[in-house]
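Structure assessment
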Amino acid sequence: MAGLHLLDFDPKKIRVSPKVKQEMERLRQEPVVPCLTDLQQFSTTGFVIVFHNSRPLHKHIADLRADRNLLQASLMFIFETWEHEQDDLEHYKIADFTVVARNTASVKGCCSHAGTLVYTRDHSLPFSSSASQKCSSGIEITVVDASTSVRGLVVVGIYCPPHVSITVLCAELRAVIQQELTSHTHVIIGGDFNSDASRGLPRPLQEFGEQFSLQQLIKDPTTDYDSTLDLVLTNVPEPTPAGVLELWYSDHKPCWIVYLY
């Protein structure tokens, strides 16, 4: 703007539209609420968990490293990594995060579009992670004992291949949850169930939730195709903030949940 001059400037001709005044007054009474969730708001008040189908992490690790919002998580489950056993784990390294569980897509009985990595922030308290479980159908169930950070909490990550029925998944998951609830009070289950819940939970999953007093917290579409394939179920008492994030590089949207301290 250097060197710019206004010719014949008359400040008396400046007018403010009544509609502008009206809108400014409305905004003072009803401030604009951001439509995108910033997980940083929970950084000091809760334990943030993210479940994300990256499709695949092998290709998009640089995008994940650059996503400030996702990196607010205390615990992060990444599915469909397409990682193979011969891959160098350094390729999947994220600053300030440690890998606490790992499944590779090269395990026998697993489809090529599989693989799970679980990250925890280095400043978090230590975790203990059970060996990732796979059934013959290729379901990936990863159990992380988070009770050293949140008393009595266990977090379970799910990847279910599209060809596996929700009935089979619930049967596998039921055995895991029954065992974990013998030593934990609260459970959070999240991931890609590959069963559309946009019009309500499928009956087997509904019955599974009722058995363990679980609520399904994801209400918005989790894919670019308006389906809700990625879910979060928990018996943690309300209020329990949860939702969906936007990303450009995957057709699945990350799901998040916060265990408030």
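Here we summarise the structure given alongside this text. (Residues numbered from 1 in each chain as written. Predicted model: local features only at pLDDT ≥ 70, side-chain atom pairs only at ≥ 80, totals over all residues. Heavy atoms only, no water.)

Some thoughts on the overall build of the protein
Secondary structure assignment for the protein yields four helices and 13 strands. Viewed in the frame of its principal axes, the protein has a C-alpha envelope of about 80 × 40 × 35 Å. For the protein, with 261 residues in total, the buried portion stands at 48%. Long-range contacts, defined here as pairs at least 24 residues apart, represent 66% of the contacts in the protein between residues at least 6 apart. When the accessible surface of the protein is totalled, it reaches about 13900 Å², and 53% of it is carbon and sulfur. (Helix = DSSP H or I, 4+ residues; strand = E, 2+ residues; numbered from the N terminus. Buried < 20%, exposed > 50% of the residue type's maximum accessible area, 1.4 Å probe, protein only. Contact = heavy atoms within 4.5 Å. Areas by Shrake-Rupley, 256 points an atom, 1.4 Å probe, with all protein chains shown as cover.)

Focus: helix α3 (residues 166-180)
A rise of 1.5 Å per residue sets the reference length of α3, with its 15 residues, at 21 Å; its end C-alpha atoms lie 21 Å apart and thus fit the reference within 8%. Of the positions making up α3, those classed as buried are Ile166, Leu169, Cys170, Leu173, Val176, Ile177 and Glu180. (Expected span 1.5 Å × (residues − 1).)

Section: the nonpolar core
Val156, Leu173, Ile189, Phe193 and Phe208 are the most contacted members of the largest nonpolar core, which totals 24 residues. For this core, the secondary structure elements donating two or more residues are β7 (140-145), β8 (153-159), α3, β9 (186-192), α4 (203-211) and β11 (230-234). In terms of residues, this core owes the most to one element, α3, which gives six residues. Apart from the residues lying within four places of it in its own chain, the contact partners of Leu173 are Ile141, Val156, Ile158, Ile189, Phe193 and Phe208. Phe47, Ala101, Tyr159 and Ile218 belong to the second-largest nonpolar core, a separate cluster that totals 23 residues. (Core = buried A, V, L, I, M, F, W, Y, C linked by side-chain atoms within 4.5 Å.)

Some points on the pattern of salt bridges
One pass over the full model with this rule turns up 10 salt bridges. A salt bridge links Glu83 to Arg102, with the nearest nitrogen and oxygen atoms 2.3 Å apart. With Glu83 in the loop between β2 (75-79) and β3 (97-103) and Arg102 in strand β3, this pair connects stretches of sequence that are 19 residues apart. It is possible to trace a salt-bridge network through shared partners that takes in Glu23, Arg26 and Glu30. (Salt bridge = Lys/Arg side-chain N within 4 Å of Asp/Glu carboxyl O.)

Looking at unusual backbone geometry
With an omega dihedral of -15 degrees, the bond running from Arg55 to Pro56 counts as a cis peptide bond. Inspection of the secondary structure puts Pro56 in the loop between β1 (46-53) and α2 (57-65). Of note, the amide linkage connecting Glu238 to Pro239 takes the cis form, showing an omega dihedral of 0 degrees. Locating Pro239 in the fold gives a position in the loop between β11 and β12 (242-244). One non-glycine residue, Asp8, adopts positive backbone phi at about 55 degrees. Looking at the secondary structure, you find Asp8 in the segment before α1 (18-29).

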